[in-house]
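# Analysis of the macromolecular model
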Amino acid sequence: MKLKIIKMKKVKSTNSIALKLIKRKILKPTLITSLAQTNGRGTMGKKWISIKGNLFISIFFEINQKRLNFKQYALLNAYLFKNIITKFTKKKIDIKWPNDLLVKKEKICGILQEVVNLNTKTFLIIGVGINTNSSPVIKNYKATSISSILKKKVDNNEILNEICKNYEQLIQQIEKYNFIELKKKILKNK
């Protein structure tokens, strides 16, 4: 299934845009990306520092919680983004549960999942910030970027295309496979 792609210049939060689309009953699996994000969100109400030039996206699609639960999706999403970022950095990526990806203990990616119910349907919104071209300075921990690892500017469109390809495959496979099989398929695609 093809993801609908919406590219924006500036938003408060890509997850907020996803939520608005769901409430307007625009329900086709969609990826929203923005060049700038003024009020990015992390887990537990934390703010995601969104430096222009990095990659900010949200993906949403309908889910069946009887097939997979919220924690299983969180694990699948972490592994999926770990694989995607590894393709570009060629570095070992560690998952800091529940939602951070690290290179040498430095944050390179954050993932925020939200579940939205609309009538009898349930949707999963996956918000992702990837430090592609710059690293925010944060007092509690160190951050890095794909650009600083590669020592060159990164084309966000290449990474975006890889994300789309992986999520189109995942959405198709969710109904065919159980959690263990999906996890094996994702890990095999490293």
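Most of strand β5 (residues 55–63) sits inside the fold, with eight of its nine residues counted as buried. Relative to β5, strand β2 (residues 30–37) runs antiparallel, the two being bridged by five bridges. Bridge pairing in β5 places T30 opposite F60. The sheet contact formed by β5 and strand β9 (residues 121–130) spans nine bridges and is antiparallel. Within β9, the position partnered with E62 by the bridge is F123.

I57, F61, F81, I130, I159, I163 and Y167 are the most contacted members of the largest nonpolar core, which totals 40 residues. At the level of secondary structure, the elements contributing two or more residues to this core comprise β5, α2 (70–89), β7 (100–103), β8 (106–118), β9, α4 (156–174) and α5 (179–188). Sort the elements by how many residues they give to this core and α2 lands first, with nine residues. If you look at the next biggest cluster of nonpolar residues, it comprises 11 residues, including L21, I32, F60 and V116.

This part takes up empty space enclosed by the protein. Evaluation of the coordinates by the stated rule reveals two cavities of 30 Å³ or more. Considering the residues around the largest cavity, the lining is formed by L80, N166, Q169, L170, Q173, K185, I186 and N189. Elements represented by at least two residues in the lining of the largest cavity include exactly α4 and α5. Broken down by element, the lining of the largest cavity gets its largest block of residues, four residues, from α4. Partitioning the lining of the largest cavity into residue classes produces three nonpolar, four polar and one charged.

A few words on the packing of α4 against α5. Contact pair α4 / α5: the axes reach a minimum separation of 11 Å and the direction vectors enclose 155°. Relative to α5, α4 is oriented roughly antiparallel. You can see that α4 and α5 cross each other, and the crossing is right-handed. Of the residues in α5, those touching α4 at L170, Q173 and I174 are L182, K185 and I186. Taken together, the residues that form the contact of α4 with α5 break down as four nonpolar, one polar and one charged.

Conventions used here
Residues numbered from 1 in each chain as written. Predicted model: local features only at pLDDT ≥ 70, side-chain atom pairs only at ≥ 80, totals over all residues. Heavy atoms only, no water. Buried < 20%, exposed > 50% of the residue type's maximum accessible area, 1.4 Å probe, protein only. Helix = DSSP H or I, 4+ residues; strand = E, 2+ residues; numbered from the N terminus. Pairing = 2+ DSSP bridges. Core = buried A, V, L, I, M, F, W, Y, C linked by side-chain atoms within 4.5 Å. 1 Å grid on protein atoms, 1.4 Å probe; cavity = no way out; pocket = protein on both sides within 12 Å on 5 of 7 lines; lining within 4 Å. Points joined across faces, edges and corners; volume = space filled by probe spheres on them. Nonpolar A, V, L, I, M, F, W, Y, C, P; charged D, E, K, R; others polar. Axes fitted to C-alpha atoms, helices over the stretch in contact; angles between N-to-C directions. Parallel < 35°, antiparallel > 145°, perpendicular 65-115°, else oblique. Left-handed = near helix turned anticlockwise from the far one by under 90°. Contact = heavy atoms within 4.5 Å.

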